[in-house]
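# Descriptive analysis of the structure
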Amino acid sequence: MPLRLEIVTAERVVFSEEVDMVSAPSADGRVGVLPRHEPMLALLLPGELHYVKNGVSMPFAISGGFIEVLPDRVTILADTAERADEIDEARAEAARQRAEERMRQRHSEEDFIRAEAELRRALVRLQVARLRRERGSR
Amino acid sequence: MASAREIRRRIRSVKNTGKITKAMELVSASKMRRAQRNVLATRPYADRLYDVMGELTVRSLGGSSDHPLLQAHSSIRHVALIVVTPDRGLCGALNSNVIRAASRFILEQREQGRSVDVLAVGKKGRDFMYRTDQSVAAEIIGLGDAPPLVDVLPIATEAIKGYIPNEQGAHRYDEVYLLYTEFVNTLVQRPKLRRFLPVDPPGDAGQTKVDYSYEPGREEVLDQLLPRFIEVQLYQAILESIASEHSARMIAMRNANDNAKELVRDLTLTYNKARQAAITKEISEIAAGAVALE
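Model, not experiment: these values are computed from the prediction.

## A closer look at the overall build of chain B
Scanning chain B from terminus to terminus reveals five helices and six strands. Counting from the amino terminus, helix and strand elements in chain B follow one another as α-β-α-β-α-β-α-β-β-β-α. For 294 residues, the compact-globule formula gives about 19 Å, and the C-alpha radius of gyration of chain B, at 29 Å, lies well above that figure. The dimensions of chain B, computed from C-alpha atoms along their principal axes, are 115 × 40 × 25 Å. Looking at chain B residue by residue over its 294 residues, the buried ones come to 46%. Carbon and sulfur atoms form 52% of the exposed surface of chain B, whose accessible area is close to 15,000 Å².

## Here we look at the layout of surface pockets
Approximately 1,000 Å³ is the volume found for the largest pocket. Considering the residues around the largest pocket, the lining is formed by 34 residues, among which A:Asp79, A:Ala117, A:Arg120, B:Val150 and B:Leu153 are closest to the centre. Among the secondary structure elements, those contributing two or more residues to the lining of the largest pocket are strand S5 (40-53), strand S6 (56-70), helix H1 (89-105) and helix H2 (109-137) of chain A together with helix H4 (149-163) and helix H5 (218-293) of chain B. The leading source of residues in the lining of the largest pocket is H2(A), at seven residues. A per-class count over the lining of the largest pocket returns 15 nonpolar, six polar and 13 charged. Size it by volume and the second largest pocket reaches roughly 270 Å³. Sorting the residues of the lining of the second largest pocket by element identifies helix H1 (4-60) and H5 of chain B as the ones contributing at least two each. Of all the elements, H5(B) adds the most residues to the lining of the second largest pocket, at six residues. Within the lining of the second largest pocket, the residues separate by chemical class into seven nonpolar, two polar and four charged.

## Here's the deal with the interface of chain B and chain A
Every contact between the two is made by 30 residues of chain B and, on the other side, 32 residues of chain A. Here A:Asp79 makes a salt bridge to B:Arg228, at a shortest N to O gap of 2.4 Å. Between chain B and chain A we count 10 residue pairs in polar contact (both at pLDDT 80 or more) in total. Examining the composition of the side of chain B that touches chain A, we find that eight residues originate from one element, H1(B), more than from any other. Across three bridges, S5(A) lies against strand S6 (residues 213-215) of chain B in parallel orientation.

## Comments concerning the pairing of strand S1 (residues 78-84) of chain B
Residue and element names in this part refer to chain B. Of all the seven residues making up S1, six are buried; the element is thus mostly covered by neighbouring parts of the structure. Here seven bridges tie S1 to strand S2 (residues 115-121), and the two strands are oriented parallel to one another. Paired with Val 79 across the bridge in S2 is Val 116. Traced from S1 through helix H2 (residues 94-111) to S2, the parallel crossover comes out right-handed. Where S1 meets strand S4 (residues 175-183), five bridges bridge the pair, whose relative direction is parallel. The residue bridging Leu 81 from the neighbouring strand is Tyr 177, located in S4.

## Remarks on the domain arrangement of chain A
Many descriptions give the size of an interface as the accessible area lost when the pieces come together. All names here are of chain A. Taken domain by domain, chain A consists of domain 1 (3-84) and domain 2 (87-136). Computed from C-alpha coordinates alone, the two centres of domain 1 and domain 2 are separated by 22 Å. Taken together, the contact pairs 13 residues of domain 1 with eight residues of domain 2. Carbon and sulfur atoms make up 61% of the area that domain 1 and domain 2 hide from each other, which totals about 950 Å².

## Examining the nonpolar core
Of all hydrophobic cores here, the largest spans 58 residues; its most connected members are B:Ile82, B:Phe196 and B:Leu197. Ranked by the residues each element gives to this core, the list is headed by H5(B), at 14 residues. Among the nonpolar cores identified, the runner-up in size contains 23 residues, and A:Leu5, A:Val22, A:Val33 and A:Met40 belong to it.

## A short note on the domain arrangement of chain B
Residue and element names in this part refer to chain B. Partitioning chain B into domains gives domain 1 (4-26 + 252-293) and domain 2 (34-250). Facing five residues of domain 1, the contacting portion of domain 2 comprises six residues. Between domain 1 and domain 2 lies a buried interface of about 450 Å² when both sides are counted; carbon and sulfur atoms form 62% of it. Considering only the surface of domain 1 that becomes buried against domain 2, Met 24, Ala 252 and Met 253 emerge as the three largest contributors, covering 72% of it.

## Concerning the packing of aromatic side chains
If you walk through the whole model with that rule in mind, you get six aromatic pairs over all chains. Judged by centre distance (6.3 Å) and plane angle (35°), the rings of A:Tyr51 and A:Phe60 are tilted. The buried category is assigned to A:Phe60, whose relative accessible area is 1%. Between B:Tyr212 and B:Tyr214, the aromatic rings sit 6.2 Å apart at their centres with planes inclined by 55°, giving tilted as the arrangement. Take B:Tyr212: its relative accessible area is 5%, and that puts it in the buried class. Of the residues examined, B:Tyr214 reaches a relative accessible area of 12% and is grouped as buried. Each member of the aromatic cluster is reached from another via a ring pair, and the members are A:Phe15, A:Tyr51 and A:Phe60.

## Section: the sheet that holds S4(B)
All names here are of chain B. Judged by pairing direction, the sheet is mixed, and its five strands sit side by side in the order S3-S2-S1-S4-S5 without closing on themselves. The sheet terminates laterally at strand S3 (135-140) and strand S5 (189-197), the two strands that pair on one side only. Taken over all neighbouring pairs, the strand axes of this sheet differ in orientation by 20° on average, direction set aside. Sheet analysis places S2 next to S3, joined by five bridges and oriented parallel. Within S3, the residue paired with Ala 120 across the bridge is Glu 139.

Basis of the calculations
Residues numbered from 1 in each chain as written. Chains lettered and ligands numbered in written order. Predicted model: local features only at pLDDT ≥ 70, side-chain atom pairs only at ≥ 80, totals over all residues. Heavy atoms only, no water. Helix = DSSP H or I, 4+ residues; strand = E, 2+ residues; numbered from the N terminus. Rg over C-alpha atoms; globule rule 2.2 N^0.38 Å. Buried < 20%, exposed > 50% of the residue type's maximum accessible area, 1.4 Å probe, protein only. Areas by Shrake-Rupley, 256 points an atom, 1.4 Å probe, with all protein chains shown as cover. 1 Å grid on protein atoms, 1.4 Å probe; cavity = no way out; pocket = protein on both sides within 12 Å on 5 of 7 lines; lining within 4 Å. Points joined across faces, edges and corners; volume = space filled by probe spheres on them. Nonpolar A, V, L, I, M, F, W, Y, C, P; charged D, E, K, R; others polar. Contact = heavy atoms within 4.5 Å. Salt bridge = Lys/Arg side-chain N within 4 Å of Asp/Glu carboxyl O. Polar contact = N/O pair within 3.5 Å; in protein donor to acceptor, adjacent residues only side chain to side chain. Pairing = 2+ DSSP bridges. Right-handed = clockwise from strand over helix to strand, strands pointing away. Domains from an automatic or database assignment. Buried area = accessible area lost by both parts, 1.4 Å probe. Core = buried A, V, L, I, M, F, W, Y, C linked by side-chain atoms within 4.5 Å. Phe/Tyr/Trp six-rings, centres within 6.5 Å; stacked < 30°, edge-to-face > 60°. Axes fitted to C-alpha atoms, helices over the stretch in contact; angles between N-to-C directions.

Below you can see the structure in the form of structure tokens.
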């Protein structure tokens, strides 16, 4: 029985394919989902989500959201989602510094909220990029 | 009748204007297609969220929840209005339609003794509100043609924070309304006003009829879900307004283009008549001169 994984953000559908297994950072710990999982709705924390297809694991960086599990379908409603191998670590680091700087300046409340969201996103990117590098060097 | 040279100058200037409007039409057409694609791209997320929320509010909580974003306030005295307009003009009647609807709304609310705070998205709406001395509580301008979600969050956050009572039970807004331009099709865009907060829980239509288990719990999930639901609704409204803006501009520019062509045709006719008249006059003068010499 196949398991369809859909990763959607408010901006677009990031990923939609049939996979063998999904592992996601839920609020109560990491959850692994195989086909015929019981229906579940869980909060996701910022972190690394990956799926396994034909024995190959692919990571995504997500910055929070929800996971909806049905027996034959997993939908990730993510705030932001990026494939880990698309992340440029240097750029993520630059984005983190920029966001921190903007938060310190505190021009206006709107600016602060925006900077905070950017910072959160940059942090997850960095975390996932590092995880990936460590795994690669092992 | 104007001289041939003046008419020629006029023709040239109209042709130049026509070139500009033609270019703007083409640019708007491609921006409109992209904007429409962006609107469609948010649907999967919004639809899933809507279903899940229907599931949570209708089925699990029996249609009632004490979540503050679902609770209507008992007396309505302060209202917030989110007005979404383009940053730029030259898009037909789109701006004036939205602004007229906003003014009507504000006047109606005033008549009922309510005060209105404006949250402005887009320069045209904001400028109007400043010009007419409305109280503008927040504004976002310069969103561009394809804004990411994070750029519109401040307005959603302001609406949510203003609506939810703080520890002392005080809040700024009793209701929040959203006014944007609905994209019906390329030719028709109309201003649309709807209640934004409190949230209307989806009815039976939003039910997926599945008995989920929740992690960490229903209330916690709902607590995270509602703000997202509100944000994506605002985001969709803004994207739809952007698509409307570009298609309205495309149509306006097409009309300008047609008018320019017609004007050039009329002017060319006038020019040729003037030229013909001048030649006829010259010939008759020469002929008259020749007759006089005989």
